[in-house]
Amino acid sequence: MTQKLIQADHATIAISDLAPKTVIESHKHQMEQIGVVTKGSLVMVIAGEQRILTPGDSYRVPAGATHGARVFEEAAQVIDVWSPPRTDL
């Protein structure tokens, strides 16, 4: 995975390029996260709910919710926004 980060006073934006079959293990954080898929497709599990996402689909991860993802057979790209800003990236 490669990421381009934009840090602002009240949010962090990441443009992430994900290789085919990338697995993002389940995790959680105390920031709200919203995102949109811009290329490829992936399955995402948010708080136990599984969704298949394709270009143009968006998602919301409430603060503290467990979530993870798996990219299908082709590379994918997502744009994520976290608020408040992430300091750990």
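Residues numbered from 1 in each chain as written. Predicted model: local features only at pLDDT ≥ 70, side-chain atom pairs only at ≥ 80, totals over all residues. Heavy atoms only, no water.

(A) Inspection of the sheet that holds strand S1 (residues 2–7) at higher detail. Strands sit in the order S1-S2-S9-S4-S7 across an open sheet of 5 strands; the sheet is antiparallel. On the outer flanks of this sheet lie S1 and strand S7 (58–61), each paired with one strand and no other. Pairwise comparison of adjacent strand axes, ignoring direction, gives a mean angle of 20° for this sheet. (Pairing = 2+ DSSP bridges. Helix = DSSP H or I, 4+ residues; strand = E, 2+ residues; numbered from the N terminus. Axes fitted to C-alpha atoms, helices over the stretch in contact; angles between N-to-C directions.)

(B) Layout of the packing of aromatic side chains. All told, the structure shown has 0 aromatic pairs when counted by the stated rule. The ring of Trp82 has Arg86 lying over it, and the distance from NZ or CZ to the ring centre is 5.0 Å. (Phe/Tyr/Trp six-rings, centres within 6.5 Å; stacked < 30°, edge-to-face > 60°. Lys NZ or Arg CZ within 6 Å of the ring centre and 35° of its normal.)

(C) Molecular detail of the nonpolar core. In this structure, Val37, Leu42, Met44, Leu53, Tyr59 and Val78 are the most contacted members of the largest nonpolar core, which totals 13 residues. Within the residue set of this core, elements represented by two or more residues are strand S5 (42–46), S7, strand S8 (67–71) and strand S9 (76–83). Of the residues forming this core, the biggest block, 3 residues, is contributed by S5. Sequence-distant contacts of Leu42, that is, excluding residues within four places in its chain, are made with Val37, Arg51, Ile52, Leu53, Ala69, Arg70, Val71, Phe72, Ala76 and Val78. (Core = buried A, V, L, I, M, F, W, Y, C linked by side-chain atoms within 4.5 Å. Buried < 20%, exposed > 50% of the residue type's maximum accessible area, 1.4 Å probe, protein only. Contact = heavy atoms within 4.5 Å.)

(D) The arrangement of the layout of surface pockets in detail. By volume, the largest pocket is sized at about 290 Å³. Lining the largest pocket are 19 residues, and of these Ile24, His27, Gln33, Asp80 and Trp82 sit closest to its centre. Elements with a contribution of two residues or more to the lining of the largest pocket: strand S2 (12–18), strand S3 (23–27), S5, S8 and S9. Residues of the lining of the largest pocket, tallied by class, amount to 10 nonpolar, 7 polar and 2 charged. (1 Å grid on protein atoms, 1.4 Å probe; cavity = no way out; pocket = protein on both sides within 12 Å on 5 of 7 lines; lining within 4 Å. Points joined across faces, edges and corners; volume = space filled by probe spheres on them. Nonpolar A, V, L, I, M, F, W, Y, C, P; charged D, E, K, R; others polar.)

(E) Region of interest: the pattern of salt bridges. In this structure the tally under the stated criterion is 3 salt bridges. A salt bridge links Glu73 to Lys21, with the shortest nitrogen-to-oxygen separation between them at 3.7 Å. Of this pair, Glu73 sits in the loop between S8 and S9 while Lys21 sits in the loop between S2 and S3, placing them 52 residues apart in sequence. Assigned by exposure class, Glu73 and Lys21 land together as exposed. Of the charged contacts in the structure, one is a salt bridge between Arg86 and Asp88, with a shortest N-O distance of 2.7 Å. (Salt bridge = Lys/Arg side-chain N within 4 Å of Asp/Glu carboxyl O.)

(F) Local environment of the pairing of S7. Judged by which residues are buried, S7 turns out to be one-sided: Tyr59 and Val61 face inward and are buried, whereas Ser58 and Arg60, on the alternate face, are not. For strand S4 (residues 32–39) and S7, the ladder comprises 4 bridges, and the chain directions are antiparallel. Note on S7: the bridge partner recorded for Ile34 is Arg60.

(G) Geometry of the side chain of Asp80. Along the chain, Asp80 turns up in strand S9. Side-chain polar atoms of Asp80 contact the side chain of Tyr59, separated by 2.5 Å. In this view, Asp80 contacts Thr12, Ile13, Ala14, Gln33, Ile34, Gly35 and Tyr59; residues no more than four positions away in its chain are not counted. (Polar contact = N/O pair within 3.5 Å; in protein donor to acceptor, adjacent residues only side chain to side chain.)

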